[in-house]
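Letter by letter, the chains look like this.
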Amino acid sequence: MTNKQPIGIFDSGVGGTSIWKEINTLLPNEQTIYLADSANAPYGPKGKNAIIDLCVKNTEYLLKENCKLIVVACNTATTNAIDYLRSNYTVPFIGIEPAIKPAALQTKTNAIGILATKGTLTSELFSKTSNLFTNNIKVIEQIGNGIVELIENGKLQSDEMKSLLRVYLDPMIKANIDYLVLGCTHYPYLIPMLLELLPKHVKIIDSGEAVARQTKAVLERYDMLNTLSIKAKPQFYTNGAIEVITSLLGENFDVDYLDF
Ligand code: DGL
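Residues take numbers from 1 onward in each chain, read along the sequence in its written order. Residues qualify for local features only when their pLDDT is at least 70, as the model is predicted, and side-chain atom pairs are given and counted only at 80 or more; totals for whole chains, interfaces and linings, by contrast, use all residues. The side-chain quantities take in all heavy atoms of the structure and omit both hydrogens and water.

Here we look at the layout of surface pockets
In this structure, the largest pocket encloses a volume near 480 Å³. In this structure, the largest pocket is lined by 23 residues; those nearest its centre are Gly95, Ile96, Glu97, Val211 and Gln214. Residue assignment for the lining of the largest pocket shows that the elements contributing at least two residues are α3 (75-88), β4 (93-94) and α10 (208-221). Considering every element that reaches the lining of the largest pocket, the biggest residue donor is α10, with six residues. Its residues assigned to classes, the lining of the largest pocket shows 14 nonpolar, four polar and five charged. Two kinds of site are reported from a 1 Å grid over the protein atoms alone, namely cavities, where a 1.4 Å probe fits but cannot get out, and pockets, open sets with protein on both sides within 12 Å along at least five of seven lines, and residues are called lining when an atom falls within 4 Å of a point. Grid points are joined across faces, edges and corners, and a volume is the space filled by probe spheres set on the points. Only DSSP runs of H or I with at least four residues qualify as helices, and only runs of E with at least two residues qualify as strands; both kinds are numbered from the N terminus onward. Under the convention adopted here, Pro, Cys and the residues Ala, Val, Leu, Ile, Met, Phe, Trp and Tyr are nonpolar, Asp, Glu, Lys and Arg are charged, and Gly plus all remaining residues are polar.

Side note on the side chain of Asn58
Residue position: Asn58 is located in helix α2 (residues 48-64). Only protein chains enter the accessibility calculation, which uses a 1.4 Å probe; a residue is then buried when its area is under 20% of its type maximum, exposed when over 50%, and partly exposed in between. Given the relative accessible area of 0%, Asn58 is considered buried. Distance and chemistry together define a polar contact, namely a pair of N or O atoms within 3.5 Å, with one atom able to donate a hydrogen and the other to accept it when in protein, and with adjacent residues in sequence counting only for side-chain atoms on both sides. Of the polar contacts made by the side chain of Asn58, one reaches the side chain of Lys57; its length is 2.9 Å. Sequence-distant contacts of Asn58, that is, excluding residues within four places in its chain, are made with Phe10, Leu35, Asp37, Tyr43 and Phe260. Working rule for contacts: check all heavy atoms of both residues, and any pair within 4.5 Å makes them a contact.

Right under this line is the structure:
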């Protein structure tokens, strides 16, 4: 591995671009290749084995592109497949999990909300982390059915989205949560709408910045940081609609359709 090789990033779709943005801010010299597996979104309702197969497909493509490290920019993929990936490939993998720990440590009302996919909330990794940190805390778990589909269909800002979120937040607001954990990389794009719907005292946490910091730490540990002072040009591939990913990234990026 050399430090000039790209970092590979994949998600079940366009949501992981929220993680790409954090990585690109912290590590602007790193070359990145992003795969949006939108044709197979959502991963959330699929079983563990199906999720592992999709992660293997994405990983194989990124390894063919010579990536030095892979960021699994999807909570559902991480909680179901990262152990498999780490034991079957030698490249380092960075995963993302819902930030339950900081929410559990900081709550004053002793109630926190977690919005994530079914695949994440029913995974063993999630239960393990949750059990470790949430003794004596009320945890309101909510599956975000339909949210990823709306985002993947270009309906981030829609009345349908607002109505869904109202339903999902209602039990959390009734339980007096003071922290809402976003356990899916599509959800940071909902923050403006969530802030409108939540009481003012509720803080929203996601794991994007932590993933970028961890990516940097691992690159340093393996002596793989790109030390060139040239700003890298990222490459985005989607097997879905180009306009959906472009609407989240802006027009100034190279996005290509790829049947991977
Ligand atoms: N962005 C994925 C995550 O973080 C969405 C999963 C899905 O496709 O259901 O979990």
